[in-house]
Each structure stands twice: as structure tokens, then as C-alpha cells.
Amino acid sequence: MNSPEQSQLGKTSAYVDQYDASLLFPIPRQTKRDEIGVTGQPPFFGADLWTAYELSWLNLRGKPQVALARITVPAESTHIVESKSFKLYLNSFNNTRLADATELQTRMRQDLSAAVWHGGPVMASVGVQLVLPDQFDREPVHELDGLSLDRLDLDCDIYQPTPSLLSVTLGEAPVTETLTSHLFKSNCLVTGQPDWGSVRIKYSGPQIDQAGLLRYIVSFRNHNEFHEQCVERIFMDIWQQCKPSRLEVYARYTRRGGLDINPWRTSHPQAAPSNVRTARQ
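This structure is a prediction, so every number in the text was calculated from the model and none was measured.

Student: Describe in detail the overall build of the protein chain, supporting the description with residues and values.
Tutor: Along its length, the protein chain carries five helices and ten strands. Scaling as 2.2 N^0.38, a compact globule of 281 residues should have a C-alpha radius of gyration of about 19 Å, and the protein chain matches this with 19 Å. Referenced to the eigenvectors of the C-alpha coordinate spread, the extents of the protein chain come out at roughly 70 × 40 × 35 Å. Looking at the 281 residues of the protein chain, the share that counts as buried comes to 49%. Residue pairs at least 24 apart in sequence account for 75% of intrachain contacts in the protein chain once pairs closer than 6 positions are excluded.

Written as C-alpha cells, this is what we have:
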């Protein structure tokens, strides 16, 4: 079983420039899910929405080609792909000759699907969409919709995840709210390097105390965990502490190594949010 410590994170790496799918490093989701009490069928659905900004290959005449890529990894997959290995994999196309963008898209879909279902059958394929240069000027920038928790003037002094900061108002009618914050930060599980993000929480149920929720979000500031794991931890803490009838947690992290990772989890099946970057991304 692959562990994060066995990956290329924090290590000197050779940059392969010829196609090599073996560079992808899958890590099981279940290890971290066990820590937050998720065994068996998770109480959430969702996906990890990746954007690759540094993607290039050669056409059959050797002329470089470029594109952006949007990747959708289903949350029900058994593995995540460690992000540095993903970057190394994308770099392996740099001097690889391909017939066209469709060939690249097909290879990426096949390779990533095999990686996130590592060692088992592919139950749901990874989605891959390429954005070619003639579409670049149509790429939107939009902030997460909702009421900003950052408007609150409060003290913060807890910087490790603390679910007890979460509380609800009892004895009043349930509400439906969409709350956001740009103050979300965590650290890489292996290197400890900072990961900056914005988070959106939509819920229906007893009203969540907003000051406590913001302090809870800030409490991830010194926490070491991968993006996908942080979002699942937030989902489970709110689900268990606040007991909403519906819950959706969506985080958009700033890019590192030409990649951004944007995990989304929801208690009820629904269409994934559009993979639209924020200003900081």
C-alpha cells in the first residue's frame, strides 16, 4: 500500500519528458477516512476538481502545443493521486509526439482512471476536459457565492482542527445558508508547505453559529493534511456536530506546481459546481 511518505513530495526528482504513466502515485483514501470515522459507505458524494495550467506536448511534426486541463476525480474512487506525481506525469508529455489533443485527452482519462481505482476495476472514469488556446480568453474568474464569514470581528487563537468550536441554535426554525471564507489555510501532509484556499459551506438545518464556524475554519491553519482530506474532515465535523439535514462543503485551493485542487463533498447527489477559478487561483 502506497503511503504519502513514499511519494516524491519533498524529494529531488528527475523530470522525465517522455510519456510515462507509471509516474502517477496513488494513495488510498480509506486511511484518512478511518481517522474521521468514515467506514463503509461515506455519508457524502462529490468529486475532486483539478485544474492543470502547465500542459504541453508535441504534434507529429514536433511543434509544441499547449492547453489547460480540467480533471474531475469521483469521490467514490478508492485512491487520490499525489499532486507532485501528477505534475511529473504531465511533464512527461513535454517531448512526446501525439496525433492531436484528443489522443492526449484519451491517455489522461485512461491513466488517471486506472490510478484512482488502483488495483481494482474502474467503477467511474475520471473526467478530462481540455481548454485549447482559442478558448483561453473565455476563461472566467469568479469568487465563491455566499455570505462572507470574514466580515466578523473576532479573536482567534486555536490553530488545529477543533470540532467543539462548532455549535447551533436550538429551538428555532431551521435555516438554509451559504457561508464563505477566504481565511482557510492548511499545510501539506508531507512537506508542511502552506496550502491557501477559500471554502464555501451550504447547509440546511439548525442555524450554525457563524463566529464558531469561522474560528473552526481558521483552526486548520497549522494542520497537515492533503486538500481532499481536509474537506472531508470539515464535512464530517459539521455533519456530526451540527446535524444539518443537507450539507455541502467546497474548497478552492490556490495552485502549486501549476495545479489547483478543489474538493467538493455533498450529502445529497447533485451536479458538481462549475470548475471556475477564483482571483487568487
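Structure's up, so let's keep going.
Student: Lay out the pairing of strand E10 (residues 259-266) with the relevant residues and their values.
Tutor: When you tally the buried positions in E10, you get eight out of eight residues, the bulk of the element. Every second residue of E10 is oriented toward a common face, with Leu259, Ile261, Pro263 and Arg265 on one face and Asp260, Asn262, Trp264 and Thr266 on the other, all of them buried. Relative to E10, strand E9 (residues 246-253) runs antiparallel, the two sharing three bridges. Among the inter-strand pairings, Val249 is bridged to a residue of E10, identified as Arg265. The turn linking E9 back onto E10 is made up of five residues, and Gly257 within it adopts a positive phi angle of 60 degrees.

Student: Give me the lowdown on helix H3 (residues 101-116), citing residues and values where you can.
Tutor: Here H3 spans 22 Å end to end across 16 residues, near enough to the 22 Å set by a 1.5 Å rise per residue. On its buried face, H3 is in contact with strand E1 (26-28), strand E2 (45-58), strand E3 (64-74), strand E4 (79-81), helix H2 (83-91) and strand E5 (127-131). Two or three places before Thr102, at the opening of H3, Asp100 has a side-chain oxygen 3.2 Å from that residue's backbone nitrogen.

Student: Describe the environment of Asp145, listing the residues and the values that go with them.
Tutor: Within the element layout of this structure, Asp145 appears in the loop between E5 and strand E6 (147-148). Linking Asp145 and Leu179, residues 34 residues apart in sequence, is a C-alpha distance of 8.0 Å. Residues in contact with Asp145, not counting those within four places in the same chain, are Thr178, Thr180 and Arg200. One polar contact links Asp145 to His142, side chain to side chain, over a distance of 3.0 Å.

Calculation criteria
- Each chain has its residues counted from 1, running along the sequence as written.
- Under the rules for a predicted model, residues below a pLDDT of 70 receive no local features and side-chain atom pairs below 80 are neither given nor counted, while totals for whole chains, interfaces and linings still include all residues.
- Excluding hydrogens and water, the side-chain values take into account all heavy atoms of the structure.
- Note on conventions: DSSP H or I runs of at least 4 residues are helices, E runs of at least 2 residues are strands, and numbering of each starts at the N terminus.
- When we talk radius of gyration, it's over C-alpha atoms, and the globule rule is simply 2.2 Å times the number of residues to the 0.38.
- A simple rule labels every residue: compare its accessible area, found with a 1.4 Å probe on the protein chains alone, to the largest value its type can have, and call it buried under 20%, exposed over 50%, or partly exposed in between.
- A contact between two residues is defined here by any heavy atoms of the two lying within 4.5 Å.
- For two strands to count as paired, DSSP must find a minimum of two bridges between them.
- What a helix should span is 1.5 Å times the count of its residues minus one.
- Two N or O atoms count as a polar contact when they lie within 3.5 Å, although within protein this holds only if one can serve as hydrogen donor and the other as acceptor, and sequence-adjacent residues are included solely when both atoms are side-chain atoms.

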